[in-house]
Amino acid sequence: ARRHRAAREDHAASLKKDGRALIVFIGEAVQYFMPEAQVDKFTGLEDDPRLPKEGKKIDKAIYEAIEFGRKELGITIAPPPPPPPDAPAVAESDGAPSPT
């Protein structure tokens, strides 16, 4: 997700007064008004506790979004090694929520 600045000063003042931030998720055109307390700065560092944990089955799009965010911040991290050949395949997501 990205934090956006309101284009109009009156909108920016209203967001500040309400304690909200204007957020747009990568790959979406919809704007969200999130409470500032729920918005944290993306560091992109490998030890960031909000990044997916190694071994967790996650749609590859999240990794693309993380890489995009890192590029925006100018952070270069060597990609993780590919999974071993005997690792189980992870199915592509159809966008539906995972039952796990």
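In short, a report on the structure.

Reading guide: rules and limits
Once a new chain begins, its residue numbering starts again from 1 and follows that chain's sequence as written. Side-chain atom pairs in this predicted model are given and counted only at pLDDT of 80 or more, local residue features only at pLDDT of at least 70, and totals for whole chains, interfaces and linings cover all residues. Note that water and hydrogens are dropped before the side-chain values are worked out from all heavy atoms of the structure. Secondary structure is summarised from DSSP: a helix means a run of H or I of at least four residues, a strand means a run of E of at least two, and numbering begins at the N terminus for each. Accessible surface is estimated by sampling points in the Shrake-Rupley manner with a 1.4 Å probe; for residues, cover comes only from the protein chains shown. At least two bridges found by DSSP between two strands are what make those strands a pair. To obtain an axis, a line is fitted to C-alpha atoms, over the contacting stretch when the element is a helix, and the angle between two such axes runs from 0 to 180 degrees between their N-to-C directions. Between two residues, a contact is recorded if the distance between any of their heavy atoms is within 4.5 Å. For patch detection, residues must exceed 30% relative accessible area and be free of salt bridges, and they are connected within 9 Å for like charges or within 5 Å for nonpolar side chains (Val, Leu, Ile, Met, Phe, Trp, Tyr). When a carboxyl oxygen of Asp or Glu is within 4 Å of a side-chain nitrogen of Lys or Arg, the pair counts as a salt bridge. Type-normalised accessible area, obtained with a 1.4 Å probe on protein chains alone, sets the label of each residue: buried when under 20%, exposed when over 50%, and partly exposed for intermediate values.

Regarding its fold elements, the protein presents two helices and three strands. Summed over its atoms, the accessible surface of the protein is roughly 8600 Å², and 57% of this surface lies on carbon and sulfur atoms.

Our focus in this paragraph is the sheet that holds strand E2 (residues 20-24). Here we have three strands laid out as an open sheet, ordered E1-E2-E3, and antiparallel in their pairing. Looking along the sheet, the strands with just one partner apiece sit at the ends: strand E1 (2-4) and strand E3 (31-35). Direction aside, the axes of adjacent strands within the sheet are offset by 50 degrees on average. By the bridge criterion, five bridges tie E2 to E3 in an arrangement that is antiparallel. The residue bridging Arg-20 from the neighbouring strand is Pro-35, located in E3.

This part is about the environment of Gln-31. You can see Gln-31 is positioned in strand E3. In this structure Gln-31 touches Leu-22, Ile-23 and Val-24, once residues within four positions along its chain are discounted.

A cluster of nonpolar residues, Phe-25, Val-30 and Tyr-32, forms a patch on the protein surface that exposes about 240 Å² of accessible area. The residue Phe-25 is located in the loop between E2 and E3 in this model.

Attention now moves to the environment of Ala-37. Within the secondary structure, Ala-37 sits in the loop between E3 and helix H2 (60-73). With a relative accessible area of 81%, Ala-37 lands in the exposed category.

Okay, the pairing of E2 next. Among the five residues in E2, four count as buried, and that is most of the element. Here E1 runs beside E2; their pairing, made up of three bridges, is antiparallel. Within E2, the position partnered with Arg-3 by the bridge is Ile-23.

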